[in-house]
Amino acid sequence: MIVFAYIDQKLGTRSHSSFLRHVDCKKLFLNPGRNAWYQTGIPGVASSYTGLLAFLRDVRSDFADHEILCLGHSMGGFPALGIGVTIGADRILASAPEYVLNMPGSLSVRHLKETPVECGDLTPVLSANAGSAITILVGRQNAFDMDVASQLGTFPQTDVVELETGHNTFPYLKDVGTLGATLEAFVEGRDIRQVVAGL
């Protein structure tokens, strides 16, 4: 599993690690240490989005006999989707993601003002998705996220699961005691809808 950190995570922080501790899979935690939507890569790994993609292609090749999973909340959802589909991840779980950066009303437009955007639109990648099963988690109380999720739901092999919350889908699941079970279901390839039903 490749885990992409969300915003405001100090370098060295492993997003969601406490909830993934007992999940039986290999884990690669990636944290850019900047709120740049992975456009500047990962310190010590790559200095650009393209470089990070090349690094993760190699990881995919090195683990060709494994299922590859990608997980990301908010900012982390962007590379989970874009890089995940490009390297042929088996399953992707993206929580409240953007797939076109710098849209009016987005989180990215607030943070990327001085960051060159190398890859800002995942439409071609997602439209060509032939092998990655994608689950999008979205909160009904965030109009921007709902609009994005509605658009994402039109892409191949993409399922949108709505929750009764806002942008904070993963923190919400944590608060109601269901984040761990949701992540376990994702890793095991079970239906996430059954885990979060009624939430």
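Refer to the structure above for everything that follows.
Small disclaimer: the values here were computed from a predicted structure and weren't measured. Residue numbering note: each chain is counted from 1, following its sequence as written. With pLDDT at 70 or above as the cut-off, local features in this predicted model cover only qualifying residues; side-chain atom pairs require 80 or more to be listed or tallied, and sums for whole chains, interfaces and linings still use all residues. Each side-chain value is worked out from all heavy atoms of the structure, with water and hydrogens disregarded.

Below, the discussion takes up the environment of glycine 33. Relative to the helices and strands, glycine 33 is located in the loop between β2 (28–30) and α2 (49–62). Along the chain, glycine 33 and methionine 103 lie 70 residues apart, while their C-alpha atoms are 22 Å from each other. Residues in contact with glycine 33, not counting those within four places in the same chain, are Gln9 and Leu11. A run of H or I in DSSP counts as a helix once it spans at least four residues, and a run of E counts as a strand once it spans at least two, with each numbered from the N terminus. Whether two residues touch is decided by their heavy atoms; if any such pair falls within 4.5 Å, the residues are in contact.

With a 1.4 Å probe rolled over the protein chains alone, any residue whose accessible area is under 20% of its type maximum counts as buried; one over 50% counts as exposed, and the rest are partly exposed. Most of helix α8 (residues 179–188) sits inside the fold, with seven of its ten residues counted as buried. Taken as a whole, α8 has its buried residues at Leu179, Gly180, Thr182, Leu183, Ala185, Phe186 and Val187.

All right, on to the pattern of salt bridges then. Whenever Lys or Arg places a side-chain nitrogen within 4 Å of a carboxyl oxygen from Asp or Glu, that contact is recorded as a salt bridge. Enumeration over the complete set of coordinates arrives at six salt bridges. Residue aspartate 90 pairs with arginine 60 through a salt bridge whose shortest N-O separation is 3.8 Å. Taken together, the residues aspartate 90 in the loop between α3 (77–87) and β4 (91–95) and arginine 60 in helix α2 connect sequence positions 30 residues apart. A residue is classified by how much of its surface remains accessible, and aspartate 90, at 25% relative accessible area, is partly exposed. Taking the shortest distance from any N to any O, the salt bridge between arginine 193 and aspartate 159 comes out at 2.9 Å. Within this pair, whereas arginine 193 is found in helix α9 (residues 192–196), its partner aspartate 159 is found in strand β6 (residues 158–163), the two being separated by 34 residues in sequence. Given the relative accessible area of 37%, arginine 193 is considered partly exposed.

For the purposes of this section, nonpolar cores are sets of buried Ala, Val, Leu, Ile, Met, Phe, Trp, Tyr and Cys residues that join through side-chain atoms within 4.5 Å. Core analysis: the biggest nonpolar cluster contains 41 residues, and Phe4, Leu56, Leu81 and Leu126 have the highest contact counts within it. Among the elements of the structure, β1 (2–4), α2, α3, β4, β5 (133–139) and α6 (143–152) are those that each provide at least two residues to this core. Of all the elements, α3 adds the most residues to this core, at six residues. What leucine 81 contacts, discounting residues up to four positions off in sequence, is Ile92, Ala94, Pro97, Leu122, Leu126, Ile134, Ile136 and Leu152. In this structure, Val3, Val23, Leu71 and Phe170 belong to the second largest nonpolar core, which totals 20 residues.

Along the polypeptide, leucine 71 turns up in strand β3 (residues 69–73). Between the C-alpha atoms of leucine 71 and arginine 91, which are 20 residues apart in sequence, the distance is 8.7 Å. Setting aside residues no more than four positions away along its own chain, leucine 71 makes contact with Met1, Ile2, Val3, Phe4, His16, Leu20, Ala80, Leu93, Phe170, Leu183 and Phe186.

Moving on: unusual backbone geometry. The phi dihedral of tyrosine 38 falls on the positive side, at around 65°, and the residue is not glycine. With a phi close to 50°, alanine 96 is a non-glycine residue in the positive phi region. Here alanine 96 is to be found in the loop between β4 and α4 (108–111). Since its relative accessible area comes to 2%, alanine 96 is described here as buried.

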